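So you can see what is in the structure, the chains are spelled out below.
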Amino acid sequence: MPNNKDKQARYQLGKPIGHGGQGHTFRATDLVTGQVVAVKRLRLKGAESWKPFDLFERECAVLSTLSHPGIPAYLDNFANDQQGEFFLVMELVEGRTLDEMAHGGAHMEQAQLWNVLHQALEILGYLHELNPPVIHRDVKPKNLILSPDNRLYLVDFGGVRVALREDGGSTMVGTFGFMAPEQLHGEATPATDIYGLGATL
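For clarity, every value in this text was computed on a predicted model and none was experimentally measured.

A.B. asks: Give me the packing of helix α4 (residues 110-128) against helix α5 (residues 190-200): which residues, what numbers.
C.D. replies: Between α4 and α5, the shortest axis-to-axis distance is 11 Å and the interhelical angle comes to 165 degrees. Classified by the angle between their axes, α4 and α5 sit roughly antiparallel to one another. Where α4 crosses over α5, the handedness of that crossing is right-handed. Packed against α4, whose contacting residues are Leu 117, Ala 120, Leu 121, Leu 124 and His 128, the element α5 presents Pro 190, Asp 193, Ile 194 and Leu 197 at the interface. Split by residue class, the contact of α4 with α5 holds seven nonpolar, one polar and one charged.

The structure is reproduced here in structure tokens:
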């Protein structure tokens, strides 16, 4: 991951827009282009292991290879080694997560749910048909954003896996209530993401 203080100065962080197990995400401004972007920051200070960094580095690597209208585009990544901070710059998606909509009292009609289902399956189909398949492993309401024009986006690839392992053995990634049973053993297949989508709906 490039170590570039100039890049850190390039992106002016604004208000936080989300956080998860692998970092905090901020609305930010690219002072060179004027573009409003999303910047995910990982701080290793106080971490008990290097696993968060490994997952973060994998997220950067995977996102840089993806190209789909339902997945925020990768723009850049860099590090501040002295501070133990690592940054991922992505396209900013405007809208509300399904979790925010549900907690805000929104009620989806059947047609809206079908719309979410079809768009989510199209995104997951793209990921799962790659070689090797890309498995998100954390499909849930907080990671699905619906834009004002009803376009769905899948975000937060912090738990992504890019290869199938017959013996499992990977770190457990996922969210209780939405994770498939096999994830308790560190296993994941494309069906794992479909389970998360079903639980979300």
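After presenting the structure, the write-up continues.
A.B. asks: Break down the pairing of strand β4 (residues 74-80) for me, citing the residues and quoting the values.
C.D. replies: Burial within β4 is extensive, with five of its seven residues counted as buried. Bridge count for β4 against strand β5 (residues 85-91) is six bridges, and the pairing is antiparallel. The residue bridging Asn 77 from the neighbouring strand is Leu 88, located in β5. Counted along the chain from β4 to the antiparallel partner β5, the turn is four residues long, and its residue Gly 84 has a positive phi close to 65 degrees.

A.B. asks: Explain the pairing of strand β3 (residues 36-43) residue by residue, including any values.
C.D. replies: In regular strands, side chains alternate between the two faces of the sheet. The buried fraction of β3 is high, at six of eight residues. Summarising the sheet, strand β2 (residues 23-30) and β3 pair through six bridges and their orientation is antiparallel. Bridging from a neighbouring strand, Phe 26 pairs with Val 39 of β3. Following β2, the chain reverses through five residues before pairing antiparallel with β3; Gly 34 in that reversal takes a positive phi of roughly 85 degrees.

A.B. asks: Any details on helix α2 (residues 51-63)? Residues and values, ideally.
C.D. replies: Over its 13 residues, α2 runs 18 Å from end to end, which matches the ideal 18 Å to within 8%, given 1.5 Å per residue. Listed in full, the buried residues belonging to α2 are Phe 53, Leu 55, Phe 56, Glu 59, Cys 60, Val 62 and Leu 63. Tucked into the core, α2 has its buried residues touching β3, β4 and β5.

A.B. asks: Break down the nonpolar core for me, citing the residues and quoting the values.
C.D. replies: Among the nonpolar cores identified, the biggest contains 34 residues, and Leu 66, Ile 71, Leu 127 and Phe 157 are the most heavily contacted of them. Among the elements of the structure, β3, α2, β5, α3 (98-103), α4, β7 (144-146) and β8 (152-154) are those that each provide at least two residues to this core. Considering each element in turn, this core owes the most residues, seven residues, to α4. Within the second largest apolar cluster, seven residues are counted, among which are Val 37, Val 39, Phe 78 and Phe 87.

Criteria and cut-off values
Residues numbered from 1 in each chain as written. Predicted model: local features only at pLDDT ≥ 70, side-chain atom pairs only at ≥ 80, totals over all residues. Heavy atoms only, no water. Axes fitted to C-alpha atoms, helices over the stretch in contact; angles between N-to-C directions. Helix = DSSP H or I, 4+ residues; strand = E, 2+ residues; numbered from the N terminus. Parallel < 35°, antiparallel > 145°, perpendicular 65-115°, else oblique. Left-handed = near helix turned anticlockwise from the far one by under 90°. Contact = heavy atoms within 4.5 Å. Nonpolar A, V, L, I, M, F, W, Y, C, P; charged D, E, K, R; others polar. Buried < 20%, exposed > 50% of the residue type's maximum accessible area, 1.4 Å probe, protein only. Pairing = 2+ DSSP bridges. Expected span 1.5 Å × (residues − 1). Core = buried A, V, L, I, M, F, W, Y, C linked by side-chain atoms within 4.5 Å.

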